[in-house]
Amino acid sequence: MSEPINTFEHLTRFIVDRNYFRANHTIKHQAFMPNRAGKTSVCRISGITDNQIWEIGAEVARIRVKPLFGRADIRVFNVLSKSLLVVPTNPPPIRHADIVGWPEDKPKRISIAQELAAETHLTPVPESQPNPPENPSRI
Amino acid sequence: MTMAMPCNVCTSITSLLDIGMGTDSEQLKSSIDNVIGGFETTQTIGSKDLMRNDLARVFVEYSSQDWDGEGALPISKDAYFETLRFIKGLPTYLDLPLPEIGPDNDGEISLEWYRDNRHVLVVSISGKNSIAYAGLFGANKIYGTEYFGESLPPIILINLRRLYS
């Protein structure tokens, strides 16, 4: 059973597409746009080490059959302030949650995703991480 | 005497209305297309070739189902051709930097003009004659949907000018 979400928790969105960030390591809105089920998949990262976070990221990338470029950390508070919700889900992957409550209207969704993207940045996969073939820190 | 008047929401001559009928109209359109073709060999308008190349890359790279591992739709041909039309219609007098062209997970195509995290404009092209747009302008934000017929919606041009003013 997943623990309830705390307003002060940190979340991360693993970045598995090179079109989700810019050359200056800022994040594009597409990284936070919900999928067709109206959910944006995130990982709850408060209370775990950086290594553990990257291990989960590698697992997420493996599940999606995509390279892991990095991650974009946000606070739950930032999500809630945009009238969205964060709902914990059962694994796999572990510590998973969904951002839900997105409006139906696409322009509104883009606008919210732009704001979320503006409040974070890309943390590239560290060199020591045994992953991706396409690591932006090595480009 | 002729007086010059500013045109703040002019569309480009590269996207003149195409509502004429008959032989004369066809000949006129052909002549205009030839003139525009000549323009596009200049460096300024040649930037549209870079945009078209980038668009083609995105179309090819994101043409498969589930390209994000989260159920994304492939970029639609309609979105591709409508984006080509959007690029053609971009007025060169705005002297805009190149947008970043990227895929949306619903099969549409986004063009993004980015100055910094709080100054950014995105247009998302559906292939269904509609454009969704959203922008951040400092503390202000805008968003909406516009019909995309023969020429670019003026609101898009106004906000592009606003972004780089």
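Everything below is about the structure shown above.
One structure accompanies this document, and this report is about it. (Residues numbered from 1 in each chain as written. Chains lettered and ligands numbered in written order. Predicted model: local features only at pLDDT ≥ 70, side-chain atom pairs only at ≥ 80, totals over all residues. Heavy atoms only, no water.)

On to the pattern of salt bridges. Under the criterion given, the structure shown has 19 salt bridges over all chains. Of the charged contacts, one joins K106 of chain A and E108 of chain B as a salt bridge, the two residues approaching to 2.8 Å between their closest N and O atoms. Remark: E108 of chain B occurs in the loop between β1 (100-103) and β2 (109-116) and K106 of chain A occurs in helix α3 (residues 106-118); the pair is interchain, linking two chains. The exposure classification of K106 of chain A matches that of E108 of chain B, with both residues buried. (Salt bridge = Lys/Arg side-chain N within 4 Å of Asp/Glu carboxyl O. Helix = DSSP H or I, 4+ residues; strand = E, 2+ residues; numbered from the N terminus. Buried < 20%, exposed > 50% of the residue type's maximum accessible area, 1.4 Å probe, protein only.)

In this section: the sheet that holds strand β5 (residues 96-100) of chain A. Residue and element names in this part refer to chain A. On the basis of which strands lie adjacent, the open sheet formed by six strands has the order β4-β5-β2-β1-β3-β6 and antiparallel pairing. Strands at the two margins of the open sheet, each flanked by one partner only, are β4 (85-88) and β6 (122-124). The average undirected angle you get between the axes of adjacent strands in this sheet is 40 degrees. Bridge count between strand β2 (residues 40-44) and β5: four bridges; the pairing is antiparallel. (Pairing = 2+ DSSP bridges. Axes fitted to C-alpha atoms, helices over the stretch in contact; angles between N-to-C directions.)

Counting residues at the interface gives 35 residues for chain B and 29 residues for chain A. The junction of chain B with chain A conceals about 2,600 Å² of combined surface from both sides, 44% of it contributed by carbon and sulfur atoms. A salt bridge links E115 of chain A to K141 of chain B; the shortest N-O distance between them is 3.1 Å. Linking chain B to chain A there are 17 residue pairs in polar contact (both at pLDDT 80 or more). Sort the elements by how many residues they give to the side of chain B that touches chain A and strand β4 (residues 130-137) of chain B lands first, with five residues. Taken together, the residues that form the side of chain B that touches chain A break down as 14 nonpolar, 11 polar and 10 charged. (Contact = heavy atoms within 4.5 Å. Buried area = accessible area lost by both parts, 1.4 Å probe. Polar contact = N/O pair within 3.5 Å; in protein donor to acceptor, adjacent residues only side chain to side chain. Nonpolar A, V, L, I, M, F, W, Y, C, P; charged D, E, K, R; others polar.)

What follows covers the packing of aromatic side chains. Scanning all chains against the criterion turns up six aromatic pairs over all chains. Taken together, a centroid distance of 5.6 Å and an interplanar angle of 55 degrees make the contact between F21 of chain A and F69 of chain A tilted. In this pair, F21 of chain A is assigned in the loop between β1 (10-15) and β2 and F69 of chain A in the loop between α1 (50-64) and β3 (70-75), connecting sequence segments 48 residues apart. You can call F21 of chain A buried: its relative accessible area is 9%. Judged by centre distance (6.0 Å) and plane angle (80 degrees), the ring pair of F86 of chain B and F148 of chain B falls under edge-to-face. Here F86 of chain B is found in helix α3 (residues 77-89), whereas its partner F148 of chain B is found in the loop between β5 (140-147) and α4 (154-163), with 62 residues between them in sequence. On the basis of relative accessibility, which here comes to 0%, the residue F86 of chain B falls in the buried class. On the accessibility criterion, F148 of chain B (1% relative accessible area) is buried. Here the aromatic residues F59, Y80 and F81 of chain B are joined through ring pairs into a cluster of three or more. Note that R71 of chain A overlies the ring of W54 of chain A, its terminal NZ or CZ placed 5.0 Å from the centroid. Lying across the ring of F137 of chain B, R162 of chain B places its NZ or CZ 4.1 Å from the centre. (Phe/Tyr/Trp six-rings, centres within 6.5 Å; stacked < 30°, edge-to-face > 60°. Lys NZ or Arg CZ within 6 Å of the ring centre and 35° of its normal.)

Another aspect to go through is the pairing of strand β3 (residues 119-125) of chain B. Put simply, side chains in a regular strand alternate between the two faces of the sheet. All names here are of chain B. When you tally the buried positions in β3, you get six out of seven residues, the bulk of the element. Sheet topology places β2 next to β3; seven bridges connect them, and they run antiparallel. By the bridge assignment for β3, E112 is matched with V122. If you look at the hairpin formed by β2 and β3, you'll find two residues sitting between the two strands. When β3 meets β4, the two strands line up antiparallel, connected through seven bridges. What sits directly across from I125, in β4, is I131. Here β3 hands over to β4 after four residues, with G127 in that stretch at a positive phi of 85 degrees.

Here the focus is unusual backbone geometry. Residue and element names in this part refer to chain B. The phi torsion at D66 lies on the positive side, around 60 degrees, for a residue other than glycine. Position of D66 among the secondary structure elements: in the loop between α2 (43-61) and α3. Phi at N129 takes a positive value of approximately 60 degrees, unusual for a residue other than glycine. Tracing the chain through its elements places N129 in the loop between β3 and β4.

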